[in-house]
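Here are the chains, one letter per residue:
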Amino acid sequence: MGRKKVAAAMRARAGWWAAALVLSAALVATLLGGGRSGLAIAASDGSAWLWSRTAGEVDRVNPDSGKVEQRRQVTDARGHRVQVTQNDRYLLIHDLDTGRVSSLNLNGLGFSGKLDIGTRGDPHLAMGGASAALIERTSGAVRALDPSTLRPVGPVLQLPGPLVGGEFDDAGLLWVAVPGQGTAVALKVTDKGASIVHTAGVADPGHDLAVTVLDRGALVVDRGGRALVVATGDGTRKVPVSVPLDGAMVPDRTHGALAAVTVPAAGSVVTLGDVRKGGPVRSFPLSDPVQEPAVPFAGKVYLPVRNTGQVRVFEPTGRQTGVLNMPSGRGDLEVQVREGNLFVNAPGSTDALVVGDDGVARTIGKYPGGSGHGGDGPDTPGGGESSPPQVPVPPADPVFPNPFDPGQPRQTPELPLPTKPGKPWKHAPTEPADPSPTPARPSGPAPSLPLPTRGPSTSPSSPSTGTTPSAPSTGSKPSSRPTTSKPSSRPTTSKPSSTPTTSKPKPKPTQTRNPYTPQQVCNASAGGNYKIQRSTPFAGGRIYQLYSATTKNNCAVTMKTTNIGKGTSVWVRLQSQTGKVASDSGTFKYYAGPVFVHAPGICVRYSGGASGASASSGWANCG
């Protein structure tokens, strides 16, 4: 009994000391400002920050309660498209419409830095646990950023552009793919800059690639073939698939062992059961037109359908197990995995959804009014009882010049050779040339011609008829190209001559209008007086379906509306209800197609896309 009393007394004394230590730690934290540290720690408890476009604010969502616990107004971004990137300490708010980036310090919710990166060159922000990077994917320039101040640190790392991808894995490596070299590259980003750690050959040089970054490494989709490649620091694993991967889409980041590849052109979703083992590989058909890739989460595949405001839930085998409905999100759905939960956000609506690993969905009211009800937006976005205090921006102007200014130092790395035989890496020049990729096949027509040059032309018009003016002669030595086929994106008065000149050539103007029409493309290839029946837009282009009463043929073509004159991935697919299919895909400057299906009195449907975005139609034009 005596021993028991002594032991009990010792336990009580130890408990008292433990309580005292906890109390002391709490007091020290309070004195040192730790009272606000809970705001930063909360970012790692499964919560995520979502963008509300109409209110112009970011909202911190508690996944357990489905309620917004913190708000922060971003006044100059109200009504804009915004991309939110977060880690446990900072929130990067990228206004895609203006190119302005703000860094929100989660310890106090004050803006600690701003940066203007513009909207040209396909800039992309990525942030790991302790570092951030700005990737100009068109030119291939990569620069480390201080995530707090957004000040560029270290020299620019110049890779052979264009680049694809650009996210951090759980090991802290930033993965990108270089289609021109057919390689995947892992970068280490520190406060001294970005450097190359691994290089792996994943495809033939020049193939169109898509990339999703895994927990370890990256999954690269060869859109020019039928293979997936898992690249890690230990090497590569090639996984063949039965579905042609033209126009395939993947999320920027994949969490967990399950991966999904959405292929609208083939009407399929391909799943990879365990990326570490390379299988099993399965596929199931798409039943809806999709514009966003399927997102794997907790052993299920979540497929957003913008047209209906729904997210369909599938098992990897293709069996549908549920549907998440958000009618207010029609045409405006974002599906992402953050902090161990799946979030479905409609930036322009009052509601969002959060799904846990148990598959249970909770409705979120982003504005005051209660969970699941949404309610009216606050009179002053960011106001309300749960609003954080307004912390002023630091007095020093945190807006910096373009970090890719050629006058700043660039790091031209000694690039290791890829593990797959192919073209060696080439050092990028200090002043990078035209970043457009070299197409694997003719990249479309020259805009100065009256009719497309792809395919046989049966139109009676010609350059000499005056329907489209040809480039005037400048008196310089003629180049190897005919003057009538010189792209109009180049100034006609600044045609370079073979004689060296001391004057600096003028830059090419940005082409904003496609010089071709759908009728022109279809009629030039087959004749028949094609007329537009219907069309469907997507981000970066529009798909057209045309019909000729003379030939009884349907024609489909995807016309680009952005990146005109630059080689990017474009595809189109046309199908009849009898099973006839015609498709075209590749790296083109102006359009994909035309493709034809003979289907008099038979319904047809089409799909197409460019640079990762896509759209499709239902069955129609059956007469």
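Calculation notes
Residues numbered from 1 in each chain as written. Predicted model: local features only at pLDDT ≥ 70, side-chain atom pairs only at ≥ 80, totals over all residues. Heavy atoms only, no water. Helix = DSSP H or I, 4+ residues; strand = E, 2+ residues; numbered from the N terminus. Buried < 20%, exposed > 50% of the residue type's maximum accessible area, 1.4 Å probe, protein only. Areas by Shrake-Rupley, 256 points an atom, 1.4 Å probe, with all protein chains shown as cover. Phe/Tyr/Trp six-rings, centres within 6.5 Å; stacked < 30°, edge-to-face > 60°. Pairing = 2+ DSSP bridges. Axes fitted to C-alpha atoms, helices over the stretch in contact; angles between N-to-C directions. Salt bridge = Lys/Arg side-chain N within 4 Å of Asp/Glu carboxyl O. 1 Å grid on protein atoms, 1.4 Å probe; cavity = no way out; pocket = protein on both sides within 12 Å on 5 of 7 lines; lining within 4 Å. Points joined across faces, edges and corners; volume = space filled by probe spheres on them. Nonpolar A, V, L, I, M, F, W, Y, C, P; charged D, E, K, R; others polar. Contact = heavy atoms within 4.5 Å. Disulfide = S-S within 2.5 Å. pLDDT = per-residue confidence, 0-100.

> Hey, could you run me through the overall build of the chain in this one?
When helices and strands are tallied, the chain shows 3 helices and 39 strands. When the 623 residues of the chain are sorted by exposure, 50% land in the buried category. Roughly 27,900 Å² of accessible area belongs to the chain as shown, and the carbon and sulfur atoms make up 53% of that amount.

> Even after reading the chapter, I still don't get the packing of aromatic side chains, so can you show me in this structure?
Two numbers describe a pair of aromatic rings. These are the distance of the centres and the angle of the planes. One pass over the full model with this rule turns up 5 aromatic pairs. Seen from their ring centres, Tyr516 and Tyr591 are 6.1 Å apart, and the 80° between their planes marks the pair as edge-to-face. Pair noted here: Tyr516 is in the loop between strand 31 (410-411) and helix 3 (518-526) and Tyr591 is in strand 37 (residues 591-598), with a separation of 75 residues, a long-range link. One exposure class covers both Tyr516 and Tyr591, and it is buried. Aromatic pair Tyr530 and Phe596: ring centres 5.7 Å apart, planes at 55°, arrangement tilted. Of the two residues, Tyr530 sits in the loop between helix 3 and strand 32 (531-538) while Phe596 sits in strand 37, which places them 66 residues apart along the sequence. For Phe596, a relative accessible area of 27% gives the class partly exposed. Through successive ring pairs, a cluster of aromatic residues spans Tyr516, Tyr590 and Tyr591.

> Honestly, the sheet that holds strand 6 (residues 100-105) in this entry has me stumped. Any pointers?
The strands making up a sheet associate through hydrogen bonds between their backbones, and the pairing can be parallel or antiparallel. Spatial ordering of the open sheet is given by 4-5-6-7, a layout of 4 strands whose pairing is antiparallel. The open sheet terminates on both sides in strands that have one partner only, identified here as strand 4 (82-86) and strand 7 (110-116). Here the strands of the sheet are splayed against their neighbours by 20° on average, with no regard to which way each runs. For strand 6 and strand 7, the ladder comprises 6 bridges, and the chain directions are antiparallel. The residue of strand 7 that forms the bridge with Asn105 is Gly110.

> Explain unusual backbone geometry to me, please; I cannot follow it from the model alone.
A negative phi angle characterises most non-glycine residues, just as the trans form characterises most peptide bonds. The step from Gly161 to Pro162 runs through a cis peptide bond, and the omega angle for that step is 0°. Looking at the secondary structure, you find Pro162 in the loop between strand 11 (152-158) and strand 12 (164-168). Put simply, Gly279 and Pro280 share a cis peptide bond, and its omega is 0°. As for its placement among the helices and strands, Pro280 is situated in the loop between strand 21 (268-272) and strand 22 (281-285). Despite not being glycine, Lys552 shows a phi value in the positive range, around 65°. Locating Lys552 in the fold gives a position in the loop between strand 33 (541-548) and strand 34 (553-560). Overall, the relative accessible area of 37% leaves Lys552 in the partly exposed class.

> Explain the pairing of strand 8 (residues 123-127) here, please?
Each regular strand displays side chains that alternate between the two surfaces of the sheet. The element strand 8 is extensively covered by neighbouring structure, given that 5 of its 5 residues are classed as buried. Residue alternation in strand 8 divides its side chains into two sets, Pro123, Leu125 and Met127 and His124 and Ala126, and both sets are buried. Relative to strand 9 (residues 132-136), strand 8 runs antiparallel, the two sharing 5 bridges. Residue pairing in the sheet places Ala126 in a bridge with Ala133 of strand 9. In this structure, the hairpin formed by strand 8 and strand 9 is closed by a connection of 4 residues.

> What am I meant to see in the pattern of salt bridges here?
Close approach of charged atoms allows side chains of opposite charge to pair. Considering all chains together, one arrives at 13 salt bridges under this definition. Residues Glu57 and Arg71 are paired through a salt bridge, measuring 3.0 Å at the closest nitrogen-oxygen approach. Of the two residues, Glu57 is situated in strand 2 (residues 57-62) and Arg71 in strand 3 (residues 67-73); the sequence distance between them amounts to 14 residues. Residue Glu57 shares its accessibility class with Arg71, and that shared class is buried. For Arg100, the salt bridge goes to Asp76, with nearest N and O atoms at 3.5 Å. Of this pair, Arg100 sits in strand 6 while Asp76 is found in the loop between strand 3 and strand 4, placing the two residues 24 residues apart along the sequence. Judged by its relative accessible area of 35%, Arg100 is partly exposed.

> Is there a simple way to explain empty space enclosed by the protein in this structure?
Leftover empty space is mapped by rolling, across the atoms, a probe with the size of a water molecule. This model, assessed by the stated rule, comprises 2 cavities of 30 Å³ or more. Considering the residues around the second largest cavity, the lining is formed by Arg223, Gly247, Met249, Ser569, Trp571, Gly609, Ala610, Ser611, Gly612 and Ala613. Taken together, the elements giving at least two residues each to the lining of the second largest cavity come down to strand 35 (568-576) and strand 38 (604-610). A class-by-class count of the residues in the lining of the second largest cavity yields 4 nonpolar, 5 polar and 1 charged.

> Looking at this structure, how should I read the sheet that holds strand 15 (residues 193-201)?
Read from one edge of the open sheet, 4 strands run 12-13-14-15, paired in antiparallel fashion. In this open sheet, the two edge strands, each paired with only one partner strand, are strand 12 and strand 15. Shown here is a sheet whose adjacent strand axes are inclined to one another by a mean of 20°, direction ignored. Alignment of strand 12 against strand 13 (residues 173-178), held across 4 bridges, turns out to be antiparallel. From the neighbouring strand, Glu167 faces strand 13, where its bridge partner is Trp175.

> Explain the side chain of His124 here, please?
The topology assignment puts His124 in strand 8. On the basis of relative accessibility, which here comes to 3%, the residue His124 falls in the buried class. Apart from residues no more than four positions distant in its own chain, His124 is found in contact with Gln83, Ala133, Leu134, Ile135, Arg137, Gly165, Gly166, Glu167 and Asp252.

> When you look at the state of the cysteines in this model, what are you seeing that I'm missing?
Simply put, disulfide is the name for a covalent bond between the sulfur atoms of two cysteines. Enumeration according to the criterion identifies 2 disulfides in this entry. Across the disulfide, Cys522 is cross-linked to Cys555 (sulfur-sulfur distance 2.0 Å). Between Cys522 and Cys555 the disulfide shows an S-S torsion of about -80°. By sign, it is left-handed. Of this pair, Cys522 sits in helix 3 while Cys555 is found in strand 34, placing the two residues 33 residues apart along the sequence. With respect to class, Cys522 is no different from Cys555; both count as buried. Disulfides within the chain link the bonded cysteines, taken in sequence order, as 1-2, 3-4.

> Is there a simple way to think about the confidence of the model for the chain in this case?
Predicted coordinates in areas of low pLDDT are best not read in detail. On average, residues of the chain score 75 in pLDDT, and 69% of them reach the 70 mark or higher. For residues 414-509, every residue scores under 50 in pLDDT, and the model assigns this stretch 153 contacts once sequence neighbours within four places are set aside.

> Sorry if this is basic, but what is going on with the environment of Leu163 here?
Mapped onto the elements of the fold, Leu163 is located in the loop between strand 11 and strand 12. Accessibility expressed as a relative area gives 5% for Leu163, which makes it buried. Each C-alpha atom of the pair Leu163 and Leu209 lies 9.3 Å from the other, and the pair is 46 residues apart in sequence. Beyond its immediate sequence surroundings of up to four residues, Leu163 is in contact with Ile135, Arg137, Gly140, Val142, Ala177, Val178 and Pro179.

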